[in-house]
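# Coordinates in review
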Amino acid sequence: MDAKEIIARRVALEIKPDTLVNLGIGLPSMVANYLPPHVNVFFQAENGVIGLGARPPEGMEDEDLTDAGGGFVTAVPGAASIDSAMSFGLIRGGHLDMTVLGGLQVDERGYLANWTVPGKMVPGMGGAMDLVAGARRVIVAMVHSGKGGAKIVPKCTLPLTAVRRVSLVVTELAVIEPTEAGLVLRELADGVSVDDVRAQTEAHLIVEATPAVMPLA
Amino acid sequence: MKQAIKAAEAAAMIPDGATVLIGGFMGVGSPHRLIDAMVEAGIRGLTVIANDCGRPGFGIGRLLSGGCISRAVMSHIGLNPECQAKMIAGEIEVELVPQGTLVERIRAGGVGLGGVLTATGLGTSVEDGKPVVEVDGKRYLLEKPIRGDFALIGARQADYIGNLEYFLTAHNFNPVMALAAATVIAEPHHIVPVGVISPDAVKTPGALVDHMLERAP
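Residues numbered from 1 in each chain as written. Chains lettered and ligands numbered in written order. Predicted model: local features only at pLDDT ≥ 70, side-chain atom pairs only at ≥ 80, totals over all residues.

## Re the overall build of chain A
Worth spelling out the cut-off: Strands here mean DSSP runs of E at least two residues long; helices mean DSSP runs of H or I at least four residues long; both are numbered from the N terminus. The globule rule used here is 2.2 Å times the number of residues to the 0.38 power, and the radius of gyration it is set against is calculated over C-alpha atoms. The exposure scheme places C-beta atoms from the backbone and then counts, for each residue, the other C-beta atoms within 10 Å of its own, assigning buried at 20 or more, exposed at 12 or fewer, and partly exposed in between. The contact rule is simple: place each C-beta atom from the backbone, and if two of them lie within 7 Å, those residues are in contact.
Helix and strand counts for chain A stand at four helices and 16 strands. A compact globule built from 217 residues would reach a C-alpha radius of gyration of about 17 Å, and chain A, at 17 Å, matches this within 12%. Referenced to the eigenvectors of the C-alpha coordinate spread, the extents of chain A come out at roughly 50 × 40 × 30 Å. Taking all 217 residues of chain A together, the buried fraction comes to 47%. Long-range contacts, defined as pairs at least 24 residues apart, comprise 64% of the intrachain contacts of chain A with a sequence gap of at least 6.

## A look at the packing of helix α2 (residues 84-92) of chain A against helix α5 (residues 99-111) of chain B
Quick reminder of the rule: For helices, the fitted line uses only the C-alpha atoms of the stretch in contact; every axis is such a line through C-alpha atoms, and the angle between N-to-C directions lies from 0 to 180 degrees. Throughout this description, any angle smaller than 35 degrees is read as roughly parallel, any larger than 145 degrees as roughly antiparallel, any in the 65 to 115 degree range as roughly perpendicular, and the remainder as oblique. By definition, turning the near helix anticlockwise from the far helix through less than a right angle yields a left-handed crossing, and turning it clockwise yields a right-handed one.
Where α2 of chain A meets α5 of chain B, the closest approach of the two axes is 9 Å, and the angle between their N-to-C directions is 125°. Taken together, the axes of α2 of chain A and α5 of chain B lie oblique to each other. In terms of crossing hand, the pair formed by α2 of chain A and α5 of chain B is left-handed. Packed against α2 of chain A, whose contacting residues are Ser84, Ala85, Phe88, Ile91 and Arg92 of chain A, the element α5 of chain B presents Gln99, Gly100, Val103, Glu104 and Arg107 of chain B at the interface.

## Quick word on the interface of chain A and chain B
Often the size quoted for an interface is simply the accessible area lost on bringing the parts together. Of the residues lining the interface, 31 residues belong to chain A; the matching set on chain B comes to 37 residues. Residue assignment for the side of chain A that touches chain B shows that the elements contributing at least two residues are α2 and α3 (128-134) of chain A. If one sorts the elements of the side of chain A that touches chain B by residue count, α2 of chain A sits on top with five residues.

## A word on the sheet that holds strand β8 (residues 138-143) of chain B
Residue and element names in this part refer to chain B. Put simply, the rule reads: If DSSP finds at least two bridges between two strands, the strands pair.
Strand order across the open sheet formed by three strands is β6-β8-β7, with antiparallel pairing between neighbours. The two strands at the open ends of the sheet, each matched to only one other strand, are β6 (116-118) and β7 (132-135). Ignoring strand direction, the axes of neighbouring strands in this sheet form an average angle of 40°. Note that β7 and β8 share four bridges and pair antiparallel. Bridging across to β8, Glu134 finds its partner in Arg139. Lying over the sheet, α5 contacts β6 and β8, oriented at roughly 155° with respect to β6.

## A look at the nonpolar core
Counted only if it meets this: To form a nonpolar core, buried Ala, Val, Leu, Ile, Met, Phe, Trp, Tyr and Cys residues must be joined through C-beta atoms within 7 Å.
Counting 126 residues, the largest nonpolar core has Val140 of chain A together with Leu21, Leu34, Val48, Ala151, Ile153 and Met177 of chain B as its most contacted members. Ranked by residue count, the leading element in this core is strand β9 (residues 148-159) of chain B, at six residues. Other than its neighbours up to four places away in sequence, Val140 of chain A contacts Leu101, Gly103, Val106, Leu112, Val166 and Val169 of chain A.

## Section: unusual backbone geometry
Residue and element names in this part refer to chain B. In the Ramachandran plot, Asp136 falls in the positive-phi region, its phi being about 50° despite a non-glycine side chain. A positive phi angle, near 45°, is found at Leu168, a position not held by glycine. Its location among the elements puts Leu168 in the loop between β10 (164-165) and α6 (174-177). Note on Leu168: 21 C-beta atoms within 10 Å, which makes it buried.

## Points about the environment of Glu46 of chain A
Position of Glu46 of chain A among the secondary structure elements: in the loop between β2 (42-45) and β3 (49-53). The sequence separation of Glu46 of chain A and Gly70 of chain A amounts to 24 residues, and the corresponding C-alpha distance is 11 Å. If we skip the residues at most four places from it in the chain, Glu46 of chain A touches Asn22, Ala68, Ser87, Phe88, Ile91 and Gly127 of chain A together with Gln99 of chain B.

## Things to note about the confidence of the model for chain B
What counts is decided by this rule: Per residue, pLDDT measures the predictor's confidence, with a range of 0 to 100.
The pLDDT averaged across chain B works out to 97; a share of 100% of its residues lies at or above 70. In the model output, the complex is listed with pTM 0.96 alongside ipTM 0.96.

## Re α5 of chain B
Keep this limit in mind: Each helix should span, by expectation, one fewer than its residue count multiplied by 1.5 Å.
A rise of 1.5 Å per residue sets the reference length of α5 of chain B, with its 13 residues, at 18 Å; its end C-alpha atoms lie 18 Å apart and thus fit the reference within 8%. Buried residues dominate α5 of chain B, accounting for twelve of its 13 residues. Within the sequence span of α5 of chain B, burial applies to Gln99, Gly100, Thr101, Leu102, Val103, Glu104, Arg105, Ile106, Arg107, Ala108, Gly109 and Gly110 of chain B. Its buried side turned inward, α5 of chain B meets α2 and α3 of chain A together with β2 (19-22), β6, β8 and α6 of chain B. Looking one or two residues beyond α5 of chain B, the residue adopting positive phi is Gly112 of chain B, at roughly 75°.

## A word on the pairing of β3 of chain A
Residue and element names in this part refer to chain A. With two bridges connecting them, β2 and β3 associate as antiparallel partners. What sits directly across from Gln44, in β3, is Ile50. Hairpin connection between β2 and β3: a loop of three residues separates the two successive antiparallel strands, and Gly48 in this loop has a positive phi of roughly 140°. Relative to strand β4 (residues 74-81), β3 runs antiparallel, the two sharing four bridges. Along β4, the bridge assignment pairs Gly53 with Thr74.

Here's what the structure looks like:
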């Protein structure tokens, strides 16, 4: 199982029945593949649909039904199409139960940087700042460390997405919960030690007891 | 009853240097025939306010490649490398705005409000230079209203008096933008007799629409 699948399978367990959830583009969107059966969840795509469904059969795509990455999707029974004001009203207004986003850096305050690397990558924040500021729970799904080194750092050096403490960070090595006191190591992936995680983490990690083994959907 | 006009006639109304709001999300729900006519007409120096810059050769990306844009106010340009390159080279000026803030600023401009108070962007680079207002102990950024000289709206169908109906994820910024410009030009896929669009399905009342393109060929 590769890193991304481990992450997606762990995040899937965070999705509660009868909730409204926004999945970011890329790795976060993989979470939908591992939902436990009969979890009645509605996925919101911020471009304007509640009740996002899988990709349609070839030849049955509609130009007016895409996800926030512009890819063709379907809509599930009970879906609603909404405009951008309603879509972001749901997000900012606290009506979105959870969002899952990718990350470039998370720091000891639980702050997330995920929208730009100045001078290298300036895609724009899209809906990320609204999602992190407004969703009830924010889950960061990202590989533990990247080409540039550690991604879980004492203090973000990249521009912040928001000054809101995210709810949970899920990587292929560990589940980390940002708290008032700092980053608490809650779970370790099967076969991974606390030292393994520390070796790839620049931030201070609080280890309260023996972390649980990360369950996977 | 409105007269249906040709895309070239609509494009001829838009002078160099105009500020145009353009509906669509990654080209979904954008007025594509009008965009092509604007490129054909060789309009220069536009300020384009839109969710994104489309892709190279698609949607608003065509206006960019056509050299029509000098300034862009958008939430996301990441899927159009040409836009990022022109921004970094200083050929165009880009103001990046969080998506939910962008739509509310346009809504404020369209509905006669003096601005928007939002927590999105607090503590980030988006806050730079903006007043922070405290209301009942909570901090918000003051974001100013946006209006355009023209709003270019993509719709699924229009009736003879210009009532507009949108489909699925092609609503996005269109209904809000139709409120926020001196001149509103709608590009419907279909034009149907008055009464075909149910009053409950009208998202943009015909009273807002100044001009309507003839039906798609």
